[in-house]
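Examination of the molecular architecture
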Amino acid sequence: MTTNSAPTTALTHIAQLVTNDPALGEGPLGLIRDAAVVIDGDRIAWVGPSGKAPATDNAVDAGGRAVIPGFVDSHSHLVFAGDRTEEFNARMSGRPYSAGGIRTTVAATRAAGDDVLRANVARYLAEGLRQGTTTQETKSGYGLTVEDEARALRIAAEQTDEVTFLGAHIVPPEHADDPAGYVDLVTGPMLDACAPHARWVDVFCEKGAFDGDQARAILTAGAARGLVPRVHANQLGHGPGVQLAVELGAASADHCTHLTDADVDALAGSETVATLLPGAEFSTRATWPDARRLLDAGATVALSTDCNPGSSFTSSMPFCIALAVRDMGMTPDEAVWSATAGGARALRRTDVGRITPGARADLALLDAPSHVHLAYRPGVPLVSAVWHKGVLV
């Protein structure tokens, strides 16, 4: 059944295949038992019962293990230098988290050469890939000058298609006395330099960062340049971020830790995805987002790592799945869906986050008979093989 020069490969004897297509199997995950998947080039060509798999050039016996779509991590901050070990140690010894620590990373990132930043991005992308993440969004936000933000986005765009302009991470120290002037910089020369390298525009809408009016100006300016909004919203307290995200048609409102009933209703009645980042709450000992409340209201929920050097220094989607099940009220099925199909929704992608004919061939083979083991066996490296764009990596 070869349709091009690439050989076809069948994965057979899959104990449980998560397709994320209810038309193909059981429940919202579209589970198929004793399943097979055929990869043709970089695409999924066929899925179904193992006994009915068509002939292919190659075959891989899954040996009664589970296969899931590659994880879609729709929120991370990988372009940085340095680390914040001392800050984390102090916080775990009793000091509360605030956004101020970002300035430490800004200083280190500005001082780093391109090769250092490029190597760091490659390192964390590879780290995620080993754990099953095959689609990765990442942001700027640790440069906060025209030159450093554009540099960060150029470096990120070399290695991932999902790149976000986050010049509005915080107001940098040199603009501390003139935040309005910094907003003018972000919406003017910085946006001009950064828009060609990004798909998304983001803003940290939070006390101590940017208020609702500032966030609106930044997101509106980005949208006028063709960038789609996403918002850091309602992480540290109640605020306007979620409502602004819904109003502006943002792809996602990220964090969503402190929500009013009106916020939940707004998300449930919109296409804006509520992206939850349990690694941040774990690493800051903060209040957990209430995923159950959002899901029961009908909101679409994604899970992501928020990998960054300050508040969530993890690249592990399986770890975030376990946290979501243990501490955020999600079922294992919901958490796996949110870490795959949910992330794809947050990135407005239909080619990833599912295992269906025509989708990109991104799969993870688990050393377990079921996807439930990702929460059932937390901390165990269960991802034993990963196919990215049809290639076994």
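Everything discussed here concerns the structure shown above.
1. Focus: the overall build of the protein
Assigned secondary structure in the protein consists of 13 helices and 15 strands. Scaling as 2.2 N^0.38, a compact globule of 393 residues should have a C-alpha radius of gyration of about 21 Å, and the protein matches this with 21 Å. Taking the principal axes of the C-alpha coordinates as reference, the protein spans close to 70 × 45 × 40 Å. Looking at the protein residue by residue over its 393 residues, the buried ones come to 57%. Pairs at least 24 apart in sequence give 70% of the contacts found in the protein among residues at least 6 apart. Approximately 14,600 Å² of the protein is accessible, and the part contributed by carbon and sulfur atoms is 52%. In the protein, 31 side chains carry a positive charge and 46 a negative one; their mean positions are 3 Å apart.

2. Some words on the packing of helix α11 (residues 317-327) against helix α12 (residues 332-346)
Running from N to C, α11 and α12 cross one another at 140°; their axes reach a closest spacing of 9 Å. Between α11 and α12, the angle falls in the class oblique. Crossing hand, α11 versus α12: right-handed. Between α11 and α12, the contacting residues are M317, I321, A324 and V325 on the first element and P332, A335, V336 and A339 on the second. Split into classes, the residues belonging to the contact of α11 with α12 amount to 8 nonpolar, no polar and no charged.

3. Describing the sheet that holds strand β13 (residues 363-366)
Ordered by their spatial adjacency, 7 strands build an open sheet running β3-β2-β1-β4-β13-β14-β15, and the pairing between neighbours is mixed. On the outer flanks of this sheet lie β3 (43-49) and β15 (391-392), each paired with one strand and no other. Relative to strand β2 (residues 32-40), strand β1 (residues 8-17) runs antiparallel, the two sharing 7 bridges. Note on β2: the bridge partner recorded for T9 is I39.

4. Focus: the pairing of strand β11 (residues 273-276)
Both faces of β11 are covered, namely the face carrying V273 and T275 and the face carrying A274 and L276. The parallel pair strand β10 (residues 252-255) and β11, bridged by helix α8 (residues 261-268), forms a crossover whose chirality is right-handed. Across 3 bridges, the pairing between β11 and strand β12 (residues 301-303) is parallel. Of the residues in β12, the one forming a bridge with T275 is A302.

5. Considerations on unusual backbone geometry
A negative phi angle characterises most non-glycine residues, just as the trans form characterises most peptide bonds. Backbone geometry places D34, a non-glycine residue, at a positive phi of 45°. Its location among the elements puts D34 in strand β2. D34 sits in the partly exposed class, given a relative accessible area of 43%.

6. A look at the side chain of T135
Within the element layout of this structure, T135 appears in strand β6 (residues 133-139). Under the relative-accessibility criterion, T135 is labelled buried at 4%. Those residues in contact with T135 that sit more than four places away from it in its chain are F71, V72, D73, E162, L347, R349, V352, R360 and D362.

7. A closer look at the sheet that holds β10
Pairing is parallel in the open sheet, where 8 strands are placed in the order β5-β6-β7-β8-β9-β10-β11-β12. For this open sheet the edge positions go to β5 (71-73) and β12, each flanked by a neighbour on one side alone. Neighbouring strand axes in the sheet, compared pairwise and without regard to direction, differ in orientation by 25° on average. Sheet topology note: the strand β8 (residues 200-205)/strand β9 (residues 228-233) ladder contains 6 bridges and is parallel. When the bridges of β9 are listed, V201 appears paired with P229.

Conventions adopted
Residues numbered from 1 in each chain as written. Predicted model: local features only at pLDDT ≥ 70, side-chain atom pairs only at ≥ 80, totals over all residues. Heavy atoms only, no water. Helix = DSSP H or I, 4+ residues; strand = E, 2+ residues; numbered from the N terminus. Rg over C-alpha atoms; globule rule 2.2 N^0.38 Å. Buried < 20%, exposed > 50% of the residue type's maximum accessible area, 1.4 Å probe, protein only. Contact = heavy atoms within 4.5 Å. Areas by Shrake-Rupley, 256 points an atom, 1.4 Å probe, with all protein chains shown as cover. Lys, Arg positive; Asp, Glu negative; His and termini not counted. Charge placed at Lys NZ, Arg CZ, Asp CG, Glu CD. Axes fitted to C-alpha atoms, helices over the stretch in contact; angles between N-to-C directions. Parallel < 35°, antiparallel > 145°, perpendicular 65-115°, else oblique. Left-handed = near helix turned anticlockwise from the far one by under 90°. Nonpolar A, V, L, I, M, F, W, Y, C, P; charged D, E, K, R; others polar. Pairing = 2+ DSSP bridges. Right-handed = clockwise from strand over helix to strand, strands pointing away.

Any functional reading would require information that these geometric values do not contain.
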